[in-house]
Amino acid sequence: MVDLLALTLTQREPEQDTGESAGFHWQWLGEGLLQCTPGLGYEKTILLSAGIHGNETAPIELIDNILKDLFAAKLMLKHRVLFVLGNPEAIRQGVRYLENDMNRMFCGAHEALRADVETRRAAELEHITSHFFHTSDVQAKAYHYDLHTAIRASRLPLFALFPYQSHPYDAALLAQLDAADLDALVYHNSFGKTFTQFTATHFQAASTTLELGKAKAFGHNDLSEFDQIDQVLRAILSDTVLPVRHKPAIREFKVMSSIIKHSDDFQLQLAADAPNFSTFQKGDVLAIQSGENQIVEHEQVWILFPNPQVKKGLRAGLVLEETTQHKK
């Protein structure tokens, strides 16, 4: 067995870097990187990542439990998978990131930053991911599930975001997210620098970021809150039937614009403890900076990921509009 989380937390390497276990071949590709390939072929090639932000521990624990069950033959692997714990040093320190947000470093964005541990890691993840998808069966459909938790609480606690893409959204992925009892889907309207943007753009992967509640320290997560998502991930890996949805119909939002912090006097007109999906009405002030007000022009908007503490030039929040149909 390869205990990927324990190896990452203790900064150790396994005694061997390849092996066979419970019907699949595994290969340790480096710190926080484990590739597993079923022995009888596969139809999907899956990237399952967590810990791009080091303090978002619930998804890391979910992946840890899945891996333990795979090695114990309690879960049978039917598709090729690359498991990624994204930012090992931040995970060990229990912080979101060390210097800069690593989920803004992909699609080559790391090249514009001063070289450090995280820019090198982003480059490594791009390289490993490229090799993983390029060496997979050409007939296999590519998927990427990047698991996160939010800084704030949320009125819609479980939601997924789609990176901007020009190709149609994958019907199987939409069905999986619906079965996962998510509360909302959010569609980006412009090209980003996230890990899922990288996989969607370069490999036409069906990619999504999953937001699972609020960030907590290791050992303080109630994983039962994510039981339905855990069931869906296991069904995907084992190619078994998805669970039945229990919640009301999933709500859908599209990103209208980003709130960008341009000056040191930036003020977001939202309480420090206001949850994600807080609403603003037409005429309300969203933000103030450099003596200018950013005013809501639509009847109602929702705010996602409000964070006035970001560095200048970065996104301090997303402005959303609710929609009634899947984007095609």
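Our subject is the structure that appears above.
Residues numbered from 1 in each chain as written. Predicted model: local features only at pLDDT ≥ 70, side-chain atom pairs only at ≥ 80, totals over all residues. Heavy atoms only, no water.

> Sorry, what's going on with the side chain of Thr 199 here?
Looking at where Thr 199 falls in the secondary structure, it is placed in helix α6 (residues 195-203). Relative accessible area serves as the criterion here: at 0%, Thr 199 is assigned to the buried category. (Helix = DSSP H or I, 4+ residues; strand = E, 2+ residues; numbered from the N terminus. Buried < 20%, exposed > 50% of the residue type's maximum accessible area, 1.4 Å probe, protein only.)

> Sorry if this is basic, but what is going on with the sheet that holds strand β14 (residues 292-295) here?
Note on sheets: strands pair through backbone hydrogen bonds, and any given pair is parallel or antiparallel. Overall, antiparallel pairing links the 3 strands, which are arranged β11-β13-β14 in an open sheet. For this open sheet the edge positions go to β11 (267-268) and β14, each flanked by a neighbour on one side alone. Where β11 and strand β13 (residues 285-289) come together, 2 bridges link them in antiparallel fashion. Across the sheet, the residue bridging to Gln 267 is Ile 288, located in β13. (Pairing = 2+ DSSP bridges.)

> How should I be thinking about the pattern of salt bridges in this particular structure?
A side chain of one charge can pair with a side chain of the opposite charge if their charged atoms are brought near each other. Across all of its chains, the model carries 14 salt bridges by this definition. A salt bridge links Arg 96 to Asp 101; its shortest N-O distance comes to 3.8 Å. In this structure, Lys 282 engages Glu 299 in a salt bridge whose closest nitrogen and oxygen atoms are separated by 3.9 Å. Of the two residues, Lys 282 sits in the loop between β12 (278-281) and β13 while Glu 299 sits in the loop between β14 and β15 (300-304), which places them 17 residues apart along the sequence. Both residues of the pair, Lys 282 and Glu 299, count as exposed. Among the charged side chains, a salt-bridge network with shared partners connects Glu 31, Glu 89 and Arg 92. (Salt bridge = Lys/Arg side-chain N within 4 Å of Asp/Glu carboxyl O.)

> Could you clarify how one ought to interpret unusual backbone geometry in this entry?
Most peptide bonds are trans, and most residues other than glycine sit at a negative phi. We note that Phe 277 has phi near 65°; this positive angle belongs to a residue other than glycine. If you trace the backbone, Phe 277 turns up in the loop between β11 and β12. Phi is positive for Phe 305, close to 55°, though the residue is something other than glycine. Checked against the element boundaries, Phe 305 lands in the loop between β15 and β16 (315-323).

> Would you explain the environment of Glu 15 in this entry?
The topology assignment puts Glu 15 in the loop between α1 (4-10) and β1 (18-21). Looking at Glu 15, the relative accessible area reads 88%, which means it is exposed. Residues Glu 15 and Lys 261 lie 246 residues apart in sequence; the distance between their C-alpha atoms is 47 Å.

> Got a minute to help me understand the packing of aromatic side chains in this structure?
Each aromatic ring pair is summarised here by two numbers: the centre-to-centre distance and the angle between the ring planes. Per the stated rule, a full pass over the model turns up 14 aromatic pairs. Seen from their ring centres, Phe 162 and Tyr 169 are 5.1 Å apart, and the 65° between their planes marks the pair as edge-to-face. For the pair Phe 253 and Trp 302, a centre-to-centre distance of 5.4 Å together with 65° between the ring planes defines the contact as edge-to-face. With Phe 253 in strand β10 (residues 251-260) and Trp 302 in strand β15, this residue pair connects regions lying 49 residues apart in the sequence. For Phe 253, a relative accessible area of 0% gives the class buried. Aromatic rings pair up to connect Phe 159, Phe 253, Phe 277, Trp 302 and Phe 305 into one cluster. (Phe/Tyr/Trp six-rings, centres within 6.5 Å; stacked < 30°, edge-to-face > 60°.)

> I'm lost on helix α7 (residues 227-238) in this one. Help?
Since the α-helix turns once every 3.6 residues, residues separated by three or four places project in the same direction. With 12 residues, α7 ought to run about 16 Å at 1.5 Å a step, and its terminal C-alpha atoms sit 16 Å apart, in line with that. Counting buried positions over the 12 residues of α7 gives 10, a clear majority of the element. Considered for burial, the residues of α7 that qualify are Gln 228, Ile 229, Asp 230, Val 232, Leu 233, Arg 234, Ala 235, Ile 236, Leu 237 and Ser 238. One or two residues past the end of α7 sits Asp 239, with phi positive at roughly 60°. (Expected span 1.5 Å × (residues − 1).)

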